[in-house]
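Remarks on the overall topology
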Amino acid sequence: MKTMLFALLCALPLFWKCENAPSKVTPQPDETIVPGGEQAAAEDTLRLATYNVGVFSKSGTNTTNMVAAMAKELGVSALSLNELDSCNTRNNVFQIKRFAEAMGGWDYTFAQALNYKGGGYGIGIASDPSLQIQKRMRLKLERGDGSEQRALAVCEFRDFVFCSTHLDHTSKKAQLSQATAINNWVKSTYGNTDKPVILCGDFNALPDSETITYMKKEWTILSPIKPTYPAKAPSKCIDYIMVYRNASSRVEVQAAEVPTEFKSGDVKIASDHLPVYVDVVIKDASR
């Protein structure tokens, strides 16, 4: 298992260049954005969210600015993004960079899962620069008998670690194997530390599935068990936010929700998934 684990850990760069990607993306006008409104997190909390954005085009239109406006309305601090293109023939832009620009110059981290149509495809993290990124990592998750190779994006901030993943949707065996690889890596890297590890993403697994049952042995689910897919008629909970057991006591949940109504966007158009967020307070380790 250790040999396999080290083989999975990939040190490839997290940033991918696209020469013809726009150097600047203009966000939607401020007057169309409600920066938090009644849904905003309290000032002393972090609002962490996950969203499978479906390469910003599941509805047939570019929804980058819409999703950015929705994220601003929610007042998120860090956002896990699933299904991102990087300079391929389907979307010939570096999508995570474009989204970060639409957020007003946010930091971004990209973890390519596979080569796709002349470019890349994977997952990412967009974060408020005030969180202070200390380290970026990517864990390669093998395809096995599943649909495709997957990945884990890791962004270590000053006060916590934020991870994004997107597990296989066709093979339960491959999905469980990918979950196991994540658990093994997190345990070996952060298991003996007091820095909370937050894991987000589209697990393609229902709450009573073998995969989620397995994850609950090491993780505490923070997000609500509510339908997150499909956005037009939600019936399945497959997107989650959870905290690893090493420092779970330091994470105090203030609120958690699967929002379905926005003033700045339409969840039925923005993606085929719904966003999920949790409000947390990271307590001082000395308490």
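Now for a quick tour of the structure. (Residues numbered from 1 in each chain as written. Predicted model: local features only at pLDDT ≥ 70, side-chain atom pairs only at ≥ 80, totals over all residues. Heavy atoms only, no water.)

A few points about the overall build of the protein chain
Within the protein chain one finds 6 helices and 13 strands. Looking at the protein chain as a whole, 56% of its 287 residues qualify as buried. Within the protein chain, residue pairs in contact and separated by at least 24 positions form 73% of the contacts whose partners lie at least 6 positions apart. Of the roughly 12,500 Å² that the protein chain leaves accessible, carbon and sulfur atoms contribute 50%. (Helix = DSSP H or I, 4+ residues; strand = E, 2+ residues; numbered from the N terminus. Buried < 20%, exposed > 50% of the residue type's maximum accessible area, 1.4 Å probe, protein only. Contact = heavy atoms within 4.5 Å. Areas by Shrake-Rupley, 256 points an atom, 1.4 Å probe, with all protein chains shown as cover.)

Comments concerning the pairing of strand E11 (residues 239-244)
Across the 6 residues that make up E11, a large majority, 6, are buried. The two faces of E11 match: Asp239, Ile241 and Val243 on one face and Tyr240, Met242 and Tyr244 on the other face are all buried. Two strands pair when backbone bridges link them, and strand E9 (residues 197-202) and E11 are joined in this way by 5 bridges, in the antiparallel orientation. Bridging from a neighbouring strand, Gly201 pairs with Tyr240 of E11. Across 3 bridges, the pairing between strand E10 (residues 219-221) and E11 is antiparallel. Directly across from Thr220, in E11, lies its bridge partner Val243. (Pairing = 2+ DSSP bridges.)

What to know about the packing of helix H2 (residues 64-74) against helix H3 (residues 95-102)
It is at 9 Å that the axes of H2 and H3 come closest, and there the two elements cross at 50°. As the angle between them shows, H2 and H3 are arranged oblique. Handedness of the crossing formed by H2 with H3: right-handed. Residues Thr64, Asn65, Val67, Ala68, Ala71 and Lys72 of H2 lie in contact with H3, whose contacting residues are Arg98, Phe99 and Ala102. Class assignment of the residues belonging to the contact of H2 with H3 gives a composition of 5 nonpolar, 2 polar and 2 charged. (Axes fitted to C-alpha atoms, helices over the stretch in contact; angles between N-to-C directions. Parallel < 35°, antiparallel > 145°, perpendicular 65-115°, else oblique. Left-handed = near helix turned anticlockwise from the far one by under 90°. Nonpolar A, V, L, I, M, F, W, Y, C, P; charged D, E, K, R; others polar.)

Brief notes about the pattern of salt bridges
The tally for this structure, following the rule as stated, stands at 11 salt bridges. In this structure, the salt-bridge partner of Asp272 is Lys58, at a minimum N-O distance of 3.1 Å. Within this pair, whereas Asp272 is found in the loop between helix H6 (267-270) and strand E13 (276-282), its partner Lys58 is found in the loop between strand E2 (46-52) and H2, the two being separated by 214 residues in sequence. Exposure remark for Lys58: the relative accessible area of 43% places this residue in the partly exposed category. Arg158 is the partner of Asp159 in a salt bridge, and the nearest nitrogen-oxygen pair spans 3.3 Å. In this structure Asp159 comes out as partly exposed when scored by relative accessible area, which is 36%. (Salt bridge = Lys/Arg side-chain N within 4 Å of Asp/Glu carboxyl O.)

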